[in-house]
Amino acid sequence: MATLPRNEQDIIAQFGPQRAYAHGERLETDVVPDRLVKTHCCFCGQQCGIQLKVKDNTVIGFEPWYDFPFNKGMLCPKGVKRYLQGAHPDRLLTALQRDPASPGGFQPLAYTAAIERVAAEIERIQHEYGNNAFSIISGASLTTEKTYLMGKFAHMCLKTSHIDYNGRLCMVSAGAANKKAFGVDRSANPWQDMLHTDVVWISGANVAECAPITTSYVWQARENGAKIIVVDPRITPIARTCDLFLPIKPGRDIALFNGILHLMIKNDWLDHDFIERSTVGFDALAAHVQEWTPKRTAEVTGIAQRGIEQAAEWWGQAKTSFLMHARGIEHHTHGVQNVLGAINMVLASGRIGRPNCGYGTITGQANGQGGREHGQKCDQLPGARDLANPEHRAHIADVWGMDVAAMPQPGVDAYELFRKIESGEIRGMLSICFNPKVSLPDSDFIARMLDKLEFYVAIDFFLNDSARHADIVLPGSLQEEDEGTVTQVEGRVIKINRALDCPGEARQDWRIIQDIAKQLGRERGFTFTSPREIFDELRRASQGGIADYSGITYEKIEQQGGVFWPCPSVEHPGTPRLFEPGSWNPVAKGAGPFYFPDGKARFNVAPYTPPAEDVDAEYPLILTTGRVISQFLSGTQTRRIGPLVDQYPVPRIELHPQLATQLGIGDNDWITAESRRGAITLRAQVVRTIRPDTVFVPYHWAGRKSINRLTIAAQDPISKIPEYKVCAVRVFKAAGPPAYADELEPQQ
Ligand SMILES: Nc1nc2c(c(=O)[nH]1)N[C@H]1C(S)=C(S)[C@@H](COP(=O)(O)OP(=O)(O)OC[C@H]3O[C@@H](n4cnc5c(=O)[nH]c(N)nc54)[C@H](O)[C@@H]3O)O[C@H]1N2
Ligand SMILES: Nc1nc2c(c(=O)[nH]1)N[C@H]1C(S)=C(S)[C@@H](COP(=O)(O)OP(=O)(O)OC[C@H]3O[C@@H](n4cnc5c(=O)[nH]c(N)nc54)[C@H](O)[C@@H]3O)O[C@H]1N2
Ligand code: SF4
Ligand SMILES: [Mo]
């Protein structure tokens, strides 16, 4: 390592004022910050509170924020290092236009010229092919204000049906199932309810790596005597400290849930009172699970019968319990059915809507919750309203001051948008906060479709791998360059505070959208001067809806340390725990605690079906994909943060020693995994922590290191989530390193 110059002036001369701090060339401890800004982490849905140390319009470090109730000062490695991305040399400081002759394929373009070009192309495409020929894909890392504005921009300004968002790849199975069973889509409890519970059940969630702060809640529960049950094909870090681990074969969770319910019924471990008083549909479900004997459940799930019986006994006999799941059970063609199975088990136990009892789906992205409530989903209007519902349309048209007849009808999911590019129905696309080329399955298809578009504009702060296919790239804002609200994993609405100004020609995302509206000559409704103004309109738009934010204000968030929705009036304190007996909600209006007119929850028969592409003689192994702790999603941000790269520099293929021996593979060998769609060659990581019939590859890398070149574009018929967690592959020892090996060696 080069010797560091000691004099501050030398450092600034060598690295420039921005980069000197952020790259650690100048030790943050040497520098006194101008101010501390209380805000939240930009990465996962836990939304840990953090204080950013700011000097000279640069974040130079952080301090814990001990008073924020969720994480009480704790942070994971990503939260600790997030500030290093801000001053990365790749940060977009100007708009770019495609220019194949230039190195890198792009040339800077003046911001106003870029906006003119975008507006002109939108106009041309909509004029030639109709409004629906222009589409938008948006993201749930954006603040709720921005996601609201994106929905309004699509439905009021562009009058296109075609907007969807990257939560389609993330939260929609949980959301659809929660709506079917409870009538509302939100984790039912604050995590506080986990601390004094008898049993914590975790299905398909790598808690310690993906929701690290939740680990602390699980461990506190264990200290207080709770039994921890983990269901996963891999012994993840949280599984190492659990009381019972059920190593399920990927794609079989509904069979397990049905099997547990079978034993609950057989042993009469049921809350009859609750079932009678607060639910409908139990008898049909009981008849359905009769066939799910422990023997059959064991055969289908690959879990030993003894383990299933033990889990049923602990779950069945508990007085209190907390069940959580994440993408491990949701990223499936039967993701909705899996979640319904989990909810059935909770409802049959009657352990919901009271202290120390809970149920929650662990949200993924920073605003995974708020981002799915206010109108950027293809069938949605603000307040979790339905775009197809005439009353809902009328309410929102009124708030927006638009003719309801001109409001488009529901569009299609994010993957289907790409199929519509193939068919020629969609000709133009705007993406913001979404990297479809890396994150959607069967990604060679996605790359071809991005190239087929007549016009593609991306708004981001880095030139992500999708944006490389764009005609125009607009320089958007980092989370710390703007303010607004997000809703974290528990349903708590919190406030992101601005620490910095946007550098160069970069703009806050909502200003860019409004600039486009203005250039189109359709600025009415897009003249907000601050996120607070957007939030105030959102409050009115959400009023009376299921996700009612009308009583939430920026000040109240600050005073209360966050406000849980629904919060229907300024006097209302918010609703940390849903479904308490006697609690009010806008649908049941006092009839009962659940969000249906009769106030009762729904049991749903959830039949088992195998994955879309099961193994066979040709492709005999299951490929499952997911995450590692130090990288985030498509890696656009975390692959630019040195210490996180060092922690897990390149993807590897995890496989069990038994399988490795059978295939003649040693640890660190170059091996190839091949599916019907593509092949990848990476180094083997031989571990005892995975089922021998399954291989695992994390998905945070682009190009030839992207595992989504192998995954299947099969989707759940209800939620349209892709089946990232199961496809069939064959694995063999590679003849040698791949042509791109130098990209894969950490030292290079
Ligand atoms: N470090 C890090 N943290 C993150 C993210 C990140 O990229 N990196 N992303 C955030 C986002 S957006 C999300 S959605 C969450 C995701 O959080 P998680 O869902 O916890 O993470 P995944 O790795 O996708 O999958 C979870 C687990 O499911 C298991 N699994 C695979 N197939 C099955 C199955 O069929 N059944 C069961 N029961 N388990 C199965 C995998 O082995 C894995 O351990 O994490 C958030 N937090
Ligand atoms: N194989 C496989 N694939 C998966 C998954 C899996 O488990 N396996 N998981 C899926 C899941 S759960 C998810 S959530 C998706 C995520 O898929 P993506 O949304 O594509 O992933 P991100 O990396 O978050 O991409 C978001 C982009 O938005 C930018 N961005 C972040 N914040 C902002 C902002 O405030 N403003 C602007 N303008 N841009 C911003 C980032 O720089 C990045 O380029 O991936 C899915 N893909
Ligand atoms: S747990 Fe999530 S929100 Fe908290 S520091 Fe880590 S990535 Fe950020
Ligand atoms: Mo996600």
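Model, not experiment: these values are computed from the prediction.

All right, on to the site of ligand 2 then. In the vicinity of ligand 2, 29 residues are found, and the nearest of them are Asn166, Asp460, Ser634, Tyr699 and Asn708. Contact distances for ligand 2 include 3.0 Å between an oxygen atom and a side-chain N or O atom of arginine 627. Mapped by element, the contributors of at least two residues to the shell around ligand 2 are β17 (455–460) and β23 (621–626). Its residues assigned to classes, the shell around ligand 2 shows 11 nonpolar, 14 polar and 4 charged. Counting contributing residues per domain, the shell around ligand 2 is built from domain 2 (95–170 + 367–489 + 503–530) and domain 4 (621–744), each supplying no fewer than three.

Strand order in this open sheet of 3 strands is β1-β2-β3, and the pairing throughout is antiparallel. Since the sheet does not close on itself, it has two edges, and those belong to β1 (35–40) and β3 (58–64), each with one partner. Neighbour-to-neighbour, the strand axes of this sheet turn through a mean angle of 35°, independent of strand direction. Judged from the 6 bridges that link them, strand β2 (residues 49–55) and β3 form a sheet pairing that is antiparallel. Within β3, the position partnered with glutamine 51 by the bridge is glutamate 63.

A separate point is unusual backbone geometry. The omega torsion of the bond from tryptophan 565 to proline 566 falls at 0°, within 30 degrees of zero and hence cis. By the element assignment, proline 566 lies in the loop between β21 (563–564) and β22 (601–602). Its identity is not glycine, yet lysine 159 carries a phi of approximately 50°, on the positive side. Note that lysine 159 resides in the loop between α5 (144–158) and β7 (163–165). Phi angles above zero are rare outside glycine, and aspartate 268 is one such case at about 55°. Tracing the sequence through the fold places aspartate 268 in the loop between α9 (253–266) and α10 (272–278).

Tallied over the entire structure, the rule returns 40 salt bridges. In this structure, the salt-bridge partner of arginine 577 is aspartate 193, at a minimum N-O distance of 2.8 Å. Of this pair, arginine 577 sits in the loop between β21 and β22 while aspartate 193 sits in the loop between α6 (172–182) and β8 (199–203), placing them 384 residues apart in sequence. With respect to burial, arginine 577 and aspartate 193 carry one shared label: buried. Three or more residues joined by partner-sharing salt bridges are found here, namely Arg117, Glu121, Arg124, Glu128, Arg427 and Glu454.

Within the largest apolar cluster, 114 residues are counted, with the highest numbers of intra-cluster contacts made by Phe153, Phe182, Trp201, Ile260, Ile352, Leu474 and Ile516. Broken down by element, the residue count for this core peaks at 9 residues, all from helix α15 (residues 335–349). Counting residues domain by domain, this core receives three or more from each of domain 2 (95–170 + 367–489 + 503–530) and domain 3 (172–362). When sequence neighbours within four positions are dropped, the list of residues in contact with tryptophan 201 reads Ile229, Val231, Leu256, Phe257, Ile260, Ala311, Trp315, Phe322, Leu323, Met324 and Met345. Among the nonpolar cores identified, the runner-up in size contains 77 residues, and Cys41, Trp191, Leu195 and Ala211 belong to it.

When its domains are assigned, the chain resolves into domain 1 (6–85), domain 2 (95–170 + 367–489 + 503–530), domain 3 (172–362) and domain 4 (621–744). Computed from C-alpha atoms alone, the centre-to-centre distance between domain 2 and domain 4 is 30 Å. Between domain 2 and domain 4, the residue contacts involve 19 residues of the former and 21 residues of the latter. Put simply, arginine 709 and aspartate 444 hold a salt bridge, and the shortest N to O gap is 3.7 Å. At the surface where domain 2 touches domain 4, the tally comes to 13 residue pairs in polar contact (both at pLDDT 80 or more). Elements with a contribution of two residues or more to the side of domain 2 that touches domain 4: α17 (414–423), α18 (436–439) and α19 (443–452).

Another aspect to go through is the site of ligand 3. The environment of ligand 3 is made up of Cys41, Phe43, Cys44, Gln46, Gln47, Cys48, Leu75, Cys76, Lys78, Gly79, Pro212 and Ile213. For the shell around ligand 3, the secondary-structure elements that each account for two or more residues are α3 (77–81) and α8 (212–223). In terms of residue class, the shell around ligand 3 is built from 8 nonpolar, 3 polar and 1 charged.

So, how was this worked out
- Residues numbered from 1 in each chain as written.
- Chains lettered and ligands numbered in written order.
- Predicted model: local features only at pLDDT ≥ 70, side-chain atom pairs only at ≥ 80, totals over all residues.
- Heavy atoms only, no water.
- Near = heavy atom within 4 Å.
- Polar contact = N/O pair within 3.5 Å; in protein donor to acceptor, adjacent residues only side chain to side chain.
- Helix = DSSP H or I, 4+ residues; strand = E, 2+ residues; numbered from the N terminus.
- Nonpolar A, V, L, I, M, F, W, Y, C, P; charged D, E, K, R; others polar.
- Domains from an automatic or database assignment.
- Pairing = 2+ DSSP bridges.
- Axes fitted to C-alpha atoms, helices over the stretch in contact; angles between N-to-C directions.
- Salt bridge = Lys/Arg side-chain N within 4 Å of Asp/Glu carboxyl O.
- Buried < 20%, exposed > 50% of the residue type's maximum accessible area, 1.4 Å probe, protein only.
- Core = buried A, V, L, I, M, F, W, Y, C linked by side-chain atoms within 4.5 Å.
- Contact = heavy atoms within 4.5 Å.

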